[in-house]
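Remarks on the overall topology
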Amino acid sequence: MKTIVGSVLALTLILVPSAPGQDLPSQSAVHQPQVVASGDGNLLFVWKERAGRTANLFAAVLADGTFGPKLRVNSVPDSVVGSPIDEMRAALAIGPSGEVAIAWTDAEFNIQTAIAPSAGAEFRASLRLNQTEGRVLQEFPSITFDEDGALHAVWLDPRSAGRPGAEEPADLYYARVRDGEVMEQNLTASQDSSVCGCCLPSIVESGGLLEIVFRNTTPDGYRDPFKIVGTTDGGFKDPRPISPAIWQIRACPVAGPIQVGDAVLWFDGSTGVRRLLAASRADREPAVVLEDSDQWTLRYPPRLVSGSPSLLLVPGRPAGYLMRYLGGTELSLEASDLPAWATSAAVLDGYLHIVGTEDNSFRYVTQLLGAVQ
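As the structure is a computational prediction, the values presented were derived from the model and not from experiment. (Residues numbered from 1 in each chain as written. Predicted model: local features only at pLDDT ≥ 70, side-chain atom pairs only at ≥ 80, totals over all residues. Heavy atoms only, no water.)

Helix and strand content of the protein: zero helices and 32 strands. Against the compact-globule benchmark of 21 Å for 373 residues, the protein has a radius of gyration of 19 Å, which places it among compact chains. Reported as C-alpha extents along the three principal axes, the dimensions of the protein are approximately 55 × 45 × 40 Å. Residues classed as buried in the protein amount to 57% of the 373 residues present. Across the protein, the fraction of contacts at a sequence separation of at least 24, relative to all contacts at a separation of at least 6, is 48%. Surface accessibility of the protein: about 15300 Å² in total, with carbon and sulfur atoms responsible for 48%. Each charge class in the protein can be summarised by its mean position, and for the 29 positive and 43 negative side chains these summaries are 4 Å apart. (Helix = DSSP H or I, 4+ residues; strand = E, 2+ residues; numbered from the N terminus. Rg over C-alpha atoms; globule rule 2.2 N^0.38 Å. Buried < 20%, exposed > 50% of the residue type's maximum accessible area, 1.4 Å probe, protein only. Contact = heavy atoms within 4.5 Å. Areas by Shrake-Rupley, 256 points an atom, 1.4 Å probe, with all protein chains shown as cover. Lys, Arg positive; Asp, Glu negative; His and termini not counted. Charge placed at Lys NZ, Arg CZ, Asp CG, Glu CD.)

Spelled out as structure tokens, the structure:
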């Protein structure tokens, strides 16, 4: 890893829901908050609020320093799965014309999505992506738009397990949504082993190609990242490994991989030390980007920073890291002073906007990026 420390100056402003007339996240009910650059010069905040054993998904736009109306995303009230697991956070995507899509697992373990024509607009009725009936643990969606405005989604689906409540064996399913119509297919039907049942997959679109990374299992018990490449019309190649087999584990680590540029990044515990690895091909050993030490602990797998194609947020304790992808498997350290509660970030107007939860309360802070863009 190349280390180039940039200047990131923290401001003292933390916004909490206290302003009259603003219906912001409640102090105690919010979890899995996220922020994205909406494409129109504003920020979109998305979060869950608990409703007993279930939850609701809400969204609100921050424009000119003011939060807009709080919008419920799910059509049916109290219908979102209430799990607080970080990997179960909602999936977000901004379309080529500014449309917003959000996908989630509902309380019946179906994969739902809702689309709004723009950030701050009302969401259309929720649409179910999985084309199955019955209670199956279909979970962990990821979504992206293509340049024509079609929505593409992947999720983990153990419908072939034949046992109620089973997480494995599972397959990776895909769906394309165009003009309200859903086309679904199984992307791992050709393999004998299961995909890893609780690790969030990731799908991105680039130049008309869909690139999907997920944690797979092998018959001898390794759980490492694989990749599937396809086209936006639904043609996909078979899964292929991204690195040599490394982590032989008898349980799901609940930590999915992500793709940035040509590299795939993921959490690994094969050596007994928590590490963040990067790889782009299976015939080379992955690069160690970060690992636990006496001074720092990896909290969650990294996530992309909205509004910047090369920045990543790495949640950690006692502080989170901001990193930049340099190409190949190299990343630079841009800042090591992000709040320990930080789990989502976006870049807008020279600032890094960070959200998360601390002591079961919503937190939001902005940091001046300086030279970091």
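Still more to cover.
Next up on the list: the pairing of strand 17 (residues 209-217). For strand 17, a buried count of eight out of nine residues is recorded, marking the element as mostly surrounded by other parts of the structure. Judged from the five bridges that link them, strand 16 (residues 202-206) and strand 17 form a sheet pairing that is antiparallel. Opposite Ser 206, over in strand 17, you have Leu 209 as the bridge partner. Counted along the chain from strand 16 to the antiparallel partner strand 17, the turn is two residues long, and its residue Gly 207 has a positive phi close to 60°. Two strands pair when backbone bridges link them, and strand 17 and strand 18 (residues 223-231) are joined in this way by nine bridges, in the antiparallel orientation. When the bridges of strand 18 are listed, Arg 215 appears paired with Pro 225. If you look at the hairpin formed by strand 17 and strand 18, you'll find five residues sitting between the two strands, and Gly 221 has a positive phi there, around 95°. (Pairing = 2+ DSSP bridges.)

All right, on to the pairing of strand 12 (residues 139-145) then. Counting buried positions over the seven residues of strand 12 gives seven, a clear majority of the element. Two strands pair when backbone bridges link them, and strand 12 and strand 13 (residues 151-157) are joined in this way by five bridges, in the antiparallel orientation. Considered in strand 13, the bridge of Thr 144 is made with His 152. Hairpin connection of strand 12 to strand 13: five residues between the antiparallel strands, including Gly 149 at a positive phi of 90°.

This paragraph deals with the pattern of salt bridges. Counted according to the given criterion, the structure contains 14 salt bridges. One salt bridge connects Arg 135 with Glu 108, and the closest N-O pair in it is separated by 3.2 Å. Placement of Arg 135 in the loop between strand 11 (127-128) and strand 12 and of Glu 108 in the loop between strand 9 (100-105) and strand 10 (111-116) is noted, with a sequence separation of 27 residues between them. Accessibility expressed as a relative area gives 46% for Glu 108, which makes it partly exposed. In this structure, the salt-bridge partner of Glu 184 is Arg 159, at a minimum N-O distance of 2.8 Å. You can see Glu 184 sitting in strand 15 (residues 181-186) and its partner Arg 159 sitting in the loop between strand 13 and strand 14 (171-178), a full 25 residues away along the chain. Looking at Glu 184, the relative accessible area reads 22%, which means it is partly exposed. With relative accessibility at 24%, the residue Arg 159 sits in the partly exposed group. It is possible to trace a salt-bridge network through shared partners that takes in Asp 86, Glu 87, Arg 89 and Arg 303. (Salt bridge = Lys/Arg side-chain N within 4 Å of Asp/Glu carboxyl O.)

Now for the layout of surface pockets. Of the voids in this model, the largest pocket is the one considered here, and its volume is about 1200 Å³. Taken together, 44 residues line the largest pocket, and the ones lying closest to its centre are Leu 92, Ile 143, Ile 203, Val 204 and Leu 304. The residue inventory of the lining of the largest pocket, partitioned by class, reads 25 nonpolar, 14 polar and five charged. (1 Å grid on protein atoms, 1.4 Å probe; cavity = no way out; pocket = protein on both sides within 12 Å on 5 of 7 lines; lining within 4 Å. Points joined across faces, edges and corners; volume = space filled by probe spheres on them. Nonpolar A, V, L, I, M, F, W, Y, C, P; charged D, E, K, R; others polar.)

It is worth spelling out unusual backbone geometry at this point. Geometrically, the link from Glu 168 to Pro 169 is a cis peptide bond, its omega value of 0° lying close to zero. With respect to the helices and strands, the residue Pro 169 is situated in the loop between strand 13 and strand 14. A cis amide bond links Arg 317 with the next residue in sequence, Pro 318, at an omega value of 5°. Positionally, Pro 318 belongs in the loop between strand 27 (316-317) and strand 28 (320-327). Here the phi dihedral of Gln 32 falls at roughly 50°; this positive angle occurs in a residue that is not glycine. Mapped onto the elements of the fold, Gln 32 is located in strand 2 (residues 30-37).

Given two aromatic rings, one states the distance between the centres and the angle between the planes to describe the pair. Per the counting criterion, the structure on display carries eight aromatic pairs. Plain terms: the ring middles of Trp 155 and Tyr 173 are 6.2 Å apart, the flat faces sit at 25° to each other, and that makes the pair stacked. Here Trp 155, found in strand 13, pairs with Tyr 173, found in strand 14; they are 18 residues apart in sequence, far enough to count as distant. The same class applies to Trp 155 as to Tyr 173, namely buried. Judged by centre distance (4.7 Å) and plane angle (65°), the rings of Tyr 174 and Phe 236 are edge-to-face. Highlighted residues: Tyr 174 in strand 14 and Phe 236 in the loop between strand 18 and strand 19 (240-241), separated in sequence by 62 residues. The cationic tip of Lys 70 hangs over the ring face of Phe 58; the distance from NZ or CZ to the ring centre is 4.3 Å. (Phe/Tyr/Trp six-rings, centres within 6.5 Å; stacked < 30°, edge-to-face > 60°. Lys NZ or Arg CZ within 6 Å of the ring centre and 35° of its normal.)

With that settled, consider the sheet that holds strand 21 (residues 263-268). Strand order in the open sheet formed by four strands is 20-21-22-23, and the pairing between neighbours is antiparallel. Looking along the sheet, the strands with just one partner apiece sit at the ends: strand 20 (258-260) and strand 23 (287-291). With strand direction ignored, the average angle separating the axes of adjacent strands in the sheet is 30°. Across five bridges, strand 21 lies against strand 22 (residues 275-279) in antiparallel orientation. Considered in strand 22, the bridge of Leu 265 is made with Ala 278. (Axes fitted to C-alpha atoms, helices over the stretch in contact; angles between N-to-C directions.)

Honestly, it's all geometry; don't read function into it.
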